[in-house]
Amino acid sequence: MNNPPHLPIDTITSSSNAEIKMLRSLHERKFRRQTGLFLAEGMRHCTEAVQMGYQPMRLVYAQGREADKGMATLIDACQKAGGRILPVTPNLLSRISGKDNPQTVMAAFCMRYGQLSDIRPGKDAADIWVALDRVRDPGNLGTIMRTADAVAAKGIILIEDCTDPYSVEAVRASMGAVFTIEIIQTSSADFITWTKGWGGEIIGTALPASKDYRTANWQKPVILLMGNEQAGLTDDLCKTASQLVRLPMLGRSDSLNLAVATGICLYEAIR
Ligand code: SAM
């Protein structure tokens, strides 16, 4: 097959290639911060990312897969973004992804964060936001992003020191939702100040709360406020809630997994 003139002819074969090392380093938060890039895997998720306006700065694929369905769109987006197109051997895809059975295409995209000031309170009566206090587990965060997308929530507000929404684990667990919802990072103090202008409900979840989540007023717009996996919500954040609710615990466990509790509340919010 003749290579189109704009595609690189040489396949990268060495794991000591600088591009391969850089892509591999994106498993670490430090290097994601330095480069502003994160990894996404698979044709479906890379295509979704491009559709949502994310810019692919590196496009990596298994040699010989140039003609795969959807690849032309990714190549075009990468070229328009001024990125690099990198055909590689299959074992290098494994090396970059850290998996034995990697996807045949991956891309490094620019991270994107919104601002609290961009949220116009009460603009849309159907708005749902999920605010997470110091979420630590990337699997929980990815699952919450996926569930937020499923109920058409606007996005996630990450309060204080949270796990990175753009880590490989969180992106995988989000199943592409990381591209479709907004992600905002903020401090607890800024969040508390900002909520004073929020026009709707703020529903906090806490084990000591007396109100059953099914009897709460889920009138939208609503912010669902969820606590840290170990410590729960801080007292200051609890005080910002217009309602504090609990999910009944009828067995021996004293709490639900954070992502499960978030999912139950989000489906109550759209019921
Ligand atoms: N030991 C922590 C505590 O005392 O809050 C448990 C935290 S729980 C694993 C993580 C978060 O999930 C909580 O902060 C809360 O937002 C939510 N959550 C889990 N189970 C809940 C329940 N039964 N009622 C209300 N919120 C719950």
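Everything numeric here is computed off the predicted structure, so don't read it as measured data. (Residues numbered from 1 in each chain as written. Predicted model: local features only at pLDDT ≥ 70, side-chain atom pairs only at ≥ 80, totals over all residues. Heavy atoms only, no water.)

Alternating residues of strand β11 (residues 243–246) divide into Gln243 and Val245, all buried, and Leu244 and Arg246, none buried. Where strand β8 (residues 201–205) and β11 come together, three bridges link them in parallel fashion. Paired with Gly204 across the bridge in β11 is Leu244. (Buried < 20%, exposed > 50% of the residue type's maximum accessible area, 1.4 Å probe, protein only. Helix = DSSP H or I, 4+ residues; strand = E, 2+ residues; numbered from the N terminus. Pairing = 2+ DSSP bridges.)

Take the pairing of strand β3 (residues 84–88) next. The two faces of the sheet receive side chains in turn, since in a regular strand these alternate between them. In terms of burial, β3 is largely enclosed, as four of its five residues are buried. Relative to β3, strand β2 (residues 56–62) runs parallel, the two sharing five bridges. In the sheet register, Ala62 faces β3, and the bridge partner there is Val88. For the crossover from β2 across helix α4 (residues 71–80) to β3, the handedness is right-handed. (Right-handed = clockwise from strand over helix to strand, strands pointing away.)

What follows is about helix α6 (residues 138–150). In this model α6 runs 18 Å from its N-terminal to its C-terminal C-alpha over 13 residues, within 8% of the 18 Å that 1.5 Å per residue would give. On the buried face of α6, the contacting elements are β5 (128–133), β6 (155–159), α7 (168–174), β7 (182–186) and α10 (258–269). Capping of α6 at its N-terminal end is provided by Asp137; its side-chain oxygen lies 2.8 Å from the backbone amide nitrogen of Gly139. Phi turns positive one or two residues past the end of α6, at Ala152, with a value near 60°. (Expected span 1.5 Å × (residues − 1). Contact = heavy atoms within 4.5 Å. Polar contact = N/O pair within 3.5 Å; in protein donor to acceptor, adjacent residues only side chain to side chain.)

This part takes up the side chain of His45. Secondary-structure assignment places His45 in helix α3 (residues 43–51). Residue contacts for His45: discarding those within four places in its chain leaves Met175, Gly176 and Phe179.

Mapping Glu201 onto the fold places it in strand β8. Of the buried charged residues, Glu201 lacks a salt bridge, with Lys211 as the closest side chain of opposite charge at 8.5 Å. At a separation of 2.7 Å, a polar atom in the side chain of Glu201 contacts the side chain of Gln243. The residues contacting Glu201, other than those within four sequence positions of it, are Asn217, Gln219, Pro221, Val222, Ile223, Ser242 and Gln243. (Lys, Arg positive; Asp, Glu negative; His and termini not counted. Salt bridge = Lys/Arg side-chain N within 4 Å of Asp/Glu carboxyl O.)

As a further point, take the site of the ligand. The environment of the ligand is made up of 18 residues, and the closest members are Thr205, Gly227, Gln230, Leu247 and Leu256. The separation between a nitrogen atom of the ligand and a polar main-chain atom of Leu247 is 2.9 Å. Taking Leu256, its main chain carries an N or O atom lying 2.9 Å from a nitrogen atom of the ligand. For the shell around the ligand, the secondary structure elements donating two or more residues are β11 and α10. (Near = heavy atom within 4 Å.)

Moving on to the environment of Ser97. Structurally, Ser97 can be placed in helix α5 (residues 90–97). Excluding anything up to four places from it in sequence, Ser97 contacts Arg24, His27, Glu41, Pro102, Met106 and Arg172.

The next thing to look at is the nonpolar core. Counting 53 residues, the largest nonpolar core has Leu59, Phe109, Leu132, Met145, Ile156, Leu158 and Trp218 as its most contacted members. For this core, the leading source of residues is α10, giving six residues. Leaving out residues up to four positions away in the same chain, Leu158 has contacts with Leu132, Val135, Leu141, Pro165, Ile183, Ile184, Gln185 and Thr186. Core analysis: the next-biggest nonpolar cluster, separate from the first, contains 19 residues, Leu39, Ala81, Ile96 and Val168 among them. (Core = buried A, V, L, I, M, F, W, Y, C linked by side-chain atoms within 4.5 Å.)

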